[in-house]
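# Geometric and topological summary
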Amino acid sequence: MNTGPSYANSSPSNPTLGEQRVTGDSPRTDARPDTAAARDAGRGAIRRLDVVVVGAGFGGLYAVYKYREMGLRVLGLEMGGDFGGVWYWNRYPGARVDLPSLDYSYAFSPEIEQEWTWSEQFAAQPELLEYFAFVAKRLDLRKDFQFNTRVNGATWDEQRALWVVTTDRGEVFEATYCVMATGPLSVPKDPEIPGIERFKGQLLRAARWPHEPVSFENRRVGVIGTGSSGIQIVQEVGKQAGELFVYQRTPSFTMPMRNEPLEPDYVEEIKRHYAGMREIARNSPIGGMRPQSSRAFFSVTPSQRRQLMEDAWNAGGLVLLGTFADLLVNEEANAQVADFVRGKISEVVKDPETAEKLKPRGYPIFARRPCLDTGYYETFNKPNVHLMDCLTDPIVEITETGVRTQAGETALDALIFAAGYDALTGAMLAFDVVGRNGRTLKEHWKRGARSYLGHMMEGFPNLFLTTGPNGPAALANIPRLSEHDVDWIAGLITHMRDNGLAAVEPTRQAEDEWMELVHMYSQRTLLSKANTWYVNANIEGKPRGLTLFTGGFQKYRELCESAVRDGHRGFVFEPLQRALAA
Ligand code: NAP
C-alpha cells in the first residue's frame with residue numbers, strides 16, 4: 001500500500017505547502033500509484049488540493065473563502081460562466097428573489113454588509129449577479145474558481161484517503177475533501193411532452209435563458225409551467241407579447257410581492273442593527289427575519305382572523321405564511337387561508353371562468369412553495385393573454401409550429417419552458433460519485449436521498465454537502481443555511497487537522513437515526529399533501545417522499561452542533577498514520 005511522500009506533504013495538517021503538479025502522461029516523480037479514475041481522465045495535469053468545492057452560488061463562494069482563510073488549498077469548480085449559481089442561469093424576464101434582499105444576503109462579513117447597498121426590497125436577477133461579483137471582488141475570489149467546468153466524476157481513493165475529481169475538460173484534481181455546494185435547484189427539467197425537438201420556433205428555458213435580450217413584441221408566445229418561475233415570466237411577457245398562451249396544469253397560490261425601492265434612511269438603520277437582526281434570523285425556524293407568529297389560527301375570533309389575513313395580504317411578501325403558527329399542521333386552518341386567497345383571485349380576475357381555473361384546489365396552501373407576484377392575476381385581464389387549462393384540455397404534443405392539446409393546435413413563434421427542476425438530488429446524481437468499495441451515490445440513494453445531518457453519507461468519507469437533501473434546504477433562507485453548513489464543515493476539518501485525522505464518515509446507524517428523525521418530523525406537516533418537487537413528485541420514477549428536515553432551521557443547527565459537542569456522535573474517523581501505513 002502507498003506510503004509515498006506526496007500524501008504526507010499534502011495532508012491537511014500541512015496545508016501551507018505549494019500545490020504539486022504531476023503530468024498524467026509523464027513518469028511520476030512522487031512514486032504514487034495511479035488510480036483508475038486518474039488514468040481514465042489523465043489527459044491533463046493532476047492538481048493536488050486540500051478541498052475541491054463544486055458550485056459558485058451562495059454556498060460555493062463562501063466555502064472557497066472560508067477554507068482559503070483556514071490556510072487550505074482550495075479550488076471552486078463551476079459549470080456556469082461566472083458567480084451566481086442559480087441566479088447565473090435564471091436570466092428570464094422578471095426573475096427576482098422572493099425573500100427580502102436585506103435578508104437574502106451574506107452575514108459572515110460585516111464589511112460586505114456595510115459596503116453593499118440593495119436598491120429594492122426584492123432584488124432583481126441582474127442586481128443579484130452584481131452582488132455576487134462585488135463579493136467575489138471584495139474577497140479576491142476569482143483566482144480560486146474555475147468556470148465553464150462540469151465535474152463528471154468524483155471517486156474516493158481508499159489507499160490515499162482522497163477524492164479524485166474529473167472534469168469535462170479532461171482535468172484531474174485530487175483533494176482530501178470534496179464540498180458539494182451544488183444547490184437544491186440546479187438541474188432544470190423539460191416537461192415530459194413528446195415532440196419538443198420538432199419545434200421550429202424559438203425554444204427558451206427559464207433556467208437556461210440566453211444572455212442576449214429576447215423580444216416578444218408582436219409574437220405568439222407559449223409558456224409551459226406556472227410555478228414561481230412561470231408566474232414571474234407570465235407577468236412580464238404578458239406586457240410585451242402579441243399573444244401569450246399560458247399552459248397551466250396545477251395552479252399555484254401566489255400572493256402580492258409589493259416590491260418597493262429601499263429608502264436610504266431605512267437601509268442605514270438596518271445596517272446599524274444588522275448584527276442583532278442576523279442573530280435573530282439564525283435563531284428562527286426559517287433562518288430569516290420574517291416574523292413567525294406563535295398564534296394558532298383558531299385562537300382568535302373569525303373577524304380578527306379575517307383582519308389579520310387582510311393585513312398580511314396588504315403587507316405583501318410571505319407575511320401571510322408567518323401570520324399563524326399552525327398553517328402547515330392544521331388542515332382546517334389551512335383550508336380557511338386557502339379560501340381567503342381564492343377569494344382574492346375572484347376580486348382581481350374579471351372573467352369568472354378564468355378566475356375559477358386560476359384557483360388552486362385539492363392541496364393545502366403553502367404545501368407547494370408559495371409564489372410572490374406583481375400583477376400576475378391582473379395579467380389575465382389583458383385581451384392578449386390566454387389561460388390554457390391543461391387539466392381539462394391536456395397537452396398532447398409539441399409540433400413543428402406550436403402546441404397541440406386535445407382540443408387542437410395553437411401556433412406559436414416562441415415557447416418557454418418553466419417546468420421546474422430535478423431538485424435536491426439532481427446535481428449530485430448528474431455525475432458519478434463513487435465511494436468506499438466502489439459503491440456509487442446512485443446506489444446509496446436508490447430509494448431516496450439519505451444522509452447524516454444532511455451533510456455526509458456513510459461510505460463516502462470526506463464528502464460534504466451544503467444545503468443538501470435531509471437538511472432544511474428549500475424551507476430555510478439559503479444564505480443563512482449555506483453559511484451554517486460551510487462553517488460546520490470547517491469545524492470538522494479543523495478538528496481533523498488538529499488531531500491528525502485523515503478521513504471521516506458517519507456510521508450507518510447515525511444515518512438511519514437521522515433519516516428516522518427526518519421522517520418523524522415530516523409526518524407532522526402538510527407538505528407531503530401536494531404533488532411538488534418537495535416530495536419528488538415532479539420527476540417520473542424518482543423515489544417519492546419528503547426528505548427535507550422540517551423541524552426548522554434553529555433545531556437543525558442545534559442538532560448539528562450537539563453531534564459535534566457529544567464527541568462527534570455518529571462519526572468515525574480514520575487516523576492519518578493508519579491511512580499512510582495502509
Ligand atoms: P416548479 O415550481 O416545479 O413549477 C413547474 C411548473 O411546470 C408546474 O406548474 C408544473 O405543473 C409545470 N409542468 C411541468 N411539466 C409539465 C407538463 N408536462 N405540462 C404542463 N405543465 C408542466 O418550478 P419553478 O417554477 O422553476 O420553481 C421551482 C422553485 O424554484 C420554486 O419552488 C422556488 O423555490 C424557486 N424559485 C424561486 C424564485 C424566486 O425566488 N423568486 C423564482 C423561481 C423559482 P405541475 O405542478 O402540474 O407538475
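Residues numbered from 1 in each chain as written. Predicted model: local features only at pLDDT ≥ 70, side-chain atom pairs only at ≥ 80, totals over all residues. Heavy atoms only, no water.

### What about the layout of surface pockets?
Stated formally: Using only the protein atoms, space was sampled on a 1 Å grid; points where a 1.4 Å probe fits but cannot get out form cavities, open sets with protein on both sides within 12 Å along at least five of seven lines form pockets, and lining residues are those with an atom within 4 Å of a point. Grid points are joined across faces, edges and corners, and a volume is the space filled by probe spheres set on the points. Strands here mean DSSP runs of E at least two residues long; helices mean DSSP runs of H or I at least four residues long; both are numbered from the N terminus. Following the grouping adopted for this structure description, the nonpolar residues are Ala, Val, Leu, Ile, Met, Phe, Trp, Tyr, Cys and Pro, the charged ones are Asp, Glu, Lys and Arg, and the polar ones are all others, Gly among them.
The volume enclosed by the second largest pocket comes to roughly 410 Å³. For the second largest pocket, the lining is made up of 21 residues, of which Arg447, Gly448, Ala449, Met515 and Thr547 are closest to its centre. Secondary-structure elements contributing two or more residues to the lining of the second largest pocket are α14 (441–444) and α16 (508–522). Ranked by residues supplied to the lining of the second largest pocket, first place goes to α16 with 5 residues. Split into classes, the residues belonging to the lining of the second largest pocket amount to 5 nonpolar, 9 polar and 7 charged.

### Describing the sheet that holds strand β9 (residues 220–224)
Where we set the bar: Think of it this way: DSSP has to see at least two bridges between two strands before they count as a pair. Interaxial angle, 0 to 180 degrees, is taken between N-to-C directions of lines fitted to C-alpha atoms, where a helix line uses only the stretch in contact.
Strand order in this open sheet of 5 strands is β8-β17-β9-β10-β13, and the pairing throughout is parallel. Among the strands making up the open sheet, the edge pair consists of β8 (202–205) and β13 (385–389). If you compare each strand with its neighbour and ignore which way they point, the axes differ by 20 degrees on average. Bridge analysis of β9 against strand β10 (residues 243–248) gives 5 bridges, and the strand direction is parallel. By the bridge assignment for β10, Arg220 is matched with Glu243.

### Some remarks on the sheet that holds strand β15 (residues 402–405)
Spatially, β14-β15-β16 is the arrangement adopted by the 3 strands of the open sheet, whose pairing is antiparallel. Each end of this open sheet is capped by a strand with a single partner; those strands are β14 (395–398) and β16 (408–411). Put simply, the sheet's adjacent strands are angled 25 degrees from each other on average, direction ignored.

### Considerations on the packing of aromatic side chains
Formally: A pair of Phe, Tyr and Trp rings is counted when the ring centres sit within 6.5 Å of each other, with Trp represented by its six-membered ring. The angle between the planes then sorts it: under 30 degrees is stacked, over 60 is edge-to-face, the rest tilted. Think of it in three bands: residues with accessible area under 20% of the maximum for their type are buried, residues over 50% are exposed, and the middle band is partly exposed, with areas taken using a 1.4 Å probe on protein chains only. In this analysis the charged atom, NZ for Lys or CZ for Arg, is taken to sit over a ring once it is within 6 Å of the ring centre and within 35 degrees of the ring normal.
Summed over the entire model, instances satisfying the criterion amount to 34 aromatic pairs. Pairing Tyr65 with Phe108 gives two aromatic rings, centres 5.4 Å apart and planes at 35 degrees, and the pair type is tilted. With Tyr65 in helix α3 (residues 58–69) and Phe108 in the loop between α4 (86–89) and α5 (110–115), the pair connects residues that are 43 residues apart, well separated along the chain. Ring centres of Trp209 and Phe216 lie 6.4 Å apart, and the angle between their planes is 55 degrees; on these two criteria the pair is classed as tilted. Note on Trp209: relative accessible area 6%, which makes it buried. Each residue in the set Phe58, Tyr62, Tyr65, Trp87, Tyr104, Tyr106, Phe108, Trp116, Trp118, Tyr131, Phe132 and Phe134 is aromatic and connected to the rest through ring pairs, giving one cluster. The ring of Tyr363 carries Arg368 above its face, with NZ or CZ at 5.4 Å from the centroid.

### Here we look at α3
Let me state the cut-off plainly: For a helix, the expected span equals 1.5 Å multiplied by the number of residues minus one.
Taking 1.5 Å of rise per residue, 12 residues should cover 16 Å, and α3 covers 17 Å from first to last C-alpha, within 8% of that figure. Here α3 lies mainly inside the structure; 9 of its 12 residues are buried. Where α3 is concerned, the buried positions are Phe58, Gly59, Gly60, Leu61, Tyr62, Ala63, Val64, Tyr65 and Tyr67. Gly71 lies just past α3 and shows a positive phi near 90 degrees.

### Some remarks on the domain arrangement of the protein chain
Defined as follows: Residue ranges for the domains originate in an automatic or database domain assignment. Only heavy atoms enter the contact rule, under which two residues are in contact if any of them lie within 4.5 Å. By definition, the buried area sums, over both parts, the 1.4 Å-probe accessible area that each loses when the two are put together. Salt bridges, as used here, are contacts in which a Lys or Arg side-chain nitrogen is within 4 Å of a carboxyl oxygen on Asp or Glu. Side-chain atoms alone can form a polar contact between residues adjacent in sequence; in general such a contact is a pair of N or O atoms within 3.5 Å, and within protein one must be able to donate a hydrogen while the other accepts it.
Along its sequence, the protein chain is carved into domain 1 (196–287 + 332–417) and domain 2 (475–582). The C-alpha-based centres of domain 1 and domain 2 are spaced at 33 Å. Opposite the 15 residues of domain 1 that make contact, domain 2 presents 15 residues. Here domain 1 and domain 2 share an interface that buries about 1,300 Å² over both sides, 53% of which is from carbon and sulfur atoms. It is Arg282, Gly287 and Ala367 that lose the most area in domain 1 upon contact with domain 2, and together they represent 34% of the buried surface on that side. In this structure, the connection of domain 1 to domain 2 is made through 0 salt bridges. Here domain 1 and domain 2 share 7 residue pairs in polar contact (both at pLDDT 80 or more) between them. If one sorts the elements of the side of domain 1 that touches domain 2 by residue count, helix α8 (residues 264–282) sits on top with 3 residues.

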